[in-house]
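# Inside the fold
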Amino acid sequence: MTGKHIRLTIREGRIAEVVEPEKVSDDAPLVAPGLIDLQVNGYKGMDVNAPLCDMNDIRRLTAVLWETGVTTFFPTVITNSEEAITFSLRTLAHACRQDAMVDASVGGIHLEGPFVSPEDGPRGAHDRKWVRPPDWEVFCRWQEAAEGRIRLITLSPEWPNSSRFIERCVTSGVKVAIGHTAATPEQIREAVAAGATWSTHWGNGAHVMLPRHPNYLWEQLAADELWTSFIADGHHLPDAVIRVILRVKGEKAVLVSDVVALGGMPPGQYRTPVGGEVVLTPDNRLHLAHDERLLAGSACPLIDAISRLVVRGLAPIETAWSMASVSPARYMGWPVNGKWRVGDSPDLVQVIWANEGRLTIHSTYKGGQLVYRRVS
């Protein structure tokens, strides 16, 4: 976030002028980098894991994410049968190949499972039937179906030979995350030594009850090599825990949404392809129908999570926004430049504060192209 008002003139997809006006109105939009969400399962009815998901669904998902200020995202494919995962990956690859703006917006694919913990709690909403140990040959088939677009994989290092699998992923250019795990502290350390660099929605996908210490949560938080992603929807983590993450991890704390297809939908009971029967409450808490203690993803897009961090006093807006834009770009090794320059074709948004204390997207630009403008 720039922290100040800037007026940009964009012509033919490039910045033509950058001006800092002497006077601005209180409701003038702020200019900010486009949001980057490394964990998106779906939104507003579109689900990348749905058995009938097609290219048009991916196009619509990309467009509704632009409305929330997300200019780059990782569609996240969840634990399922080998055939179902292959279908989802091929659908995403086809959508990217056929639509240049989708291709530009999909920074990579996040494969979350099926190499996760089989235990209740750590497994979360992942279907036990399809959980399996890491298998390099199977992963290579999936990467082929994805046309090389899998850039991040979440797994549990509790499985035998996990370290060797992690090393192969890293060598092939895929970043490895620890998540949905019941691994011992020793197994966490072995995974980090093998090249794991990320914790997936830390603090969630865990047992309801854990030993005070040692355990897999403290071990991940203490590992300097691990970037820590977290969900700030008000349901996944209490404020005190978020404060600890921010103090310990600093610039390696990254905001993700983990938003699912039910985000932006009316409250009620639904059936989903992965979690089965789930309940969306009026306060946007999404949980499994058979056990309300177990969350089934998030219904909160990044922009609302940023608003909550600021309103709750957990982070100033510049920090909160950076955790959802600059920080994920740095993690992925993408160029990061916080200054707007003439000639750039930027991913940026104009954002305003609404009366109810929520950030609202005024307009979104992808590669210098206007892709969304709010209708008053």
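Above: the structure in question.
My aim in this report is to walk through the structure given alongside it, one point at a time. (Residues numbered from 1 in each chain as written. Predicted model: local features only at pLDDT ≥ 70, side-chain atom pairs only at ≥ 80, totals over all residues. Heavy atoms only, no water.)

### Remarks on the overall build of the protein chain
Formally: Numbering of helices and strands runs from the N terminus; a helix is a DSSP stretch of H or I covering at least four residues, while a strand is a stretch of E covering at least two. The rule is simple: take the accessible area with a 1.4 Å probe, protein chains only, and divide by the maximum for that residue type; under 20% is buried, over 50% is exposed, in between is partly exposed. By definition in these notes, contact holds between two residues if any of their heavy atoms fall within 4.5 Å.
Each helix and strand counted, the protein chain has eleven helices and 20 strands in total. Projecting the C-alpha coordinates of the protein chain onto the three principal axes gives extents of approximately 60 × 45 × 40 Å. Residue burial in the protein chain is summarised as follows: out of 376 residues, 57% are buried. Across the protein chain, every contact between residues at least 6 apart in sequence was considered, and the portion connecting residues at least 24 apart equals 68%.

### As for helix α8 (residues 239-249)
Inclusion rule: In this description, the arc belongs to the directions extending from the helix axis to the C-beta atoms.
The set of residues buried in α8 consists of D239, I242, I245, L246 and K249. Each buried residue of α8 sits inside an arc of 115° when the element is viewed along its axis, so together they form one side. The exposed residues of α8 that point more than 90 degrees off its buried face are A240 and R247. Against α7 (216-222), β12 (227-230), β13 (253-255), α9 (302-311) and α10 (317-323) lie the buried residues of α8. The first or second residue beyond α8 is G250, which carries a positive phi of 55°.

### Some remarks on the pattern of salt bridges
Filter applied, for reference: Note on definitions: salt bridges are taken to be side-chain nitrogens of Lys or Arg within 4 Å of carboxyl oxygens of Asp or Glu.
With the rule as written, the count across this model stands at 20 salt bridges. Salt-bridge contacts for E167 lead to R164; the nearest nitrogen and oxygen are separated by 3.8 Å. With a gap of three residues between them, E167 and R164 both fall in helix α5 (residues 162-171), about one helical turn apart. Its relative accessible area of 35% is what places E167 among the partly exposed residues. Here the salt bridges do not stand alone but share partners, grouping E82, R132, D135 and R141 into one network.

### Digging into the state of the cysteines
To keep it simple, the criterion reads: The disulfide definition used here is simple: a pair of cysteine sulfur atoms within 2.5 Å.
Taken as a whole and assessed by the stated rule, the structure comprises zero disulfides. Among the cysteines around C53, which has no disulfide bond, C96 carries the closest sulfur, lying 11 Å off. Since its relative accessible area comes to 5%, C53 is described here as buried.

### Some points on α9
Buried residues dominate α9, accounting for eight of its ten residues. By the burial criterion, the buried members of α9 are L302, I303, D304, A305, I306, S307, R308 and L309. G313 lies just past α9 and shows a positive phi near 75°.

### What to know about the sheet that holds β13
Convention followed: Strands qualify as paired when DSSP identifies two bridges or more between them.
With parallel pairing, the eight strands of this open sheet are ordered in space as β4-β7-β8-β9-β10-β11-β12-β13. Across the chains shown, the open sheet's two edge strands, defined by having one partner strand only, are β4 (35-40) and β13. Strand direction decides the pairing type here: β12 and β13, joined by three bridges, are parallel. Bridge assignment links T228 to a residue of β13, and that residue is A253.

### A word on the pairing of strand β15 (residues 276-280)
Among the five residues that make up β15, four are buried, leaving the element largely enclosed by the rest of the structure. Two strands pair when backbone bridges link them, and strand β14 (residues 268-272) and β15 are joined in this way by five bridges, in the antiparallel orientation. For T272, the partnering residue across the bridge sits in β15 and is G276. Across three bridges, the pairing between β15 and strand β16 (residues 286-288) is antiparallel. Residue pairing for β16: V278 is matched across the bridge by L288. Counted between consecutive antiparallel strands, the loop separating β15 from β16 contains five residues, among which N284 sits at a positive phi close to 65°.

### Quick look at the packing of helix α1 (residues 55-66) against helix α2 (residues 82-98)
For clarity, the threshold we go by: Only the stretch in contact is used when a helix axis is fitted, and all axes are lines through C-alpha atoms; the angle between N-to-C directions ranges over 0 to 180 degrees. Each angle gets one of four labels, with under 35 degrees taken as roughly parallel, over 145 as roughly antiparallel, 65 to 115 as roughly perpendicular, and the rest as oblique. Here the term charged refers only to Asp, Glu, Lys and Arg, the term nonpolar to Ala, Val, Leu, Ile, Met, Phe, Trp, Tyr, Cys and Pro, and the term polar to all other amino acids, Gly among them.
Across the interface, α1 lies against α2 with an axial gap of 9 Å and an inter-helix angle of 70°. Considered as vectors, α1 and α2 are oriented roughly perpendicular to each other. Here α1 contributes M55, I58 and R59 to the contact with α2, which in turn contributes T91, L92, H94, A95 and Q98. In terms of residue class, the contact of α1 with α2 is built from four nonpolar, three polar and one charged.

### Some details on the packing of aromatic side chains
The criterion, for reference: Each pair of aromatic rings taken from Phe, Tyr and Trp, with Trp reduced to its six-membered ring, is defined by centres within 6.5 Å and is described as stacked if the planes are under 30 degrees apart, edge-to-face if over 60, and tilted in the remaining cases. Ring-over charges, as used throughout, are those where CZ of Arg or NZ of Lys falls within 6 Å of the ring centre and within 35 degrees of the ring normal.
Scanning all chains against the criterion turns up eight aromatic pairs. Pairing W136 with F165 gives two aromatic rings, centres 5.8 Å apart and planes at 75°, and the pair type is edge-to-face. Of this pair, W136 sits in helix α4 (residues 136-145) while F165 sits in helix α5; the two residues are 29 residues apart in sequence, bridging distant segments of the chain. Directly above the ring of Y331 sits K175, whose terminal nitrogen or CZ lies 4.8 Å from the centroid.

### Quick look at the environment of A223
Relative to the assigned elements, A223 resides in the loop between α7 and β12. When the C-alpha atoms of A223 and V254 are compared, they prove to be 15 Å apart, with 31 residues separating the residues in sequence. With residues near it in sequence (within four places) discarded, A223 still touches V192 and K249.

### A word on the sheet that holds β14
Pairing within the open sheet is antiparallel, and its four strands lie in the order β14-β15-β16-β17. Two strands in the sheet have a free side with no partner beyond their single neighbour: β14 and β17 (291-295). This sheet shows a mean twist of 45° between the axes of neighbouring strands, independent of strand direction. Taken together, the two bridges between β16 and β17 define a ladder with antiparallel strand orientation. Directly across from H287, in β17, lies its bridge partner L295.

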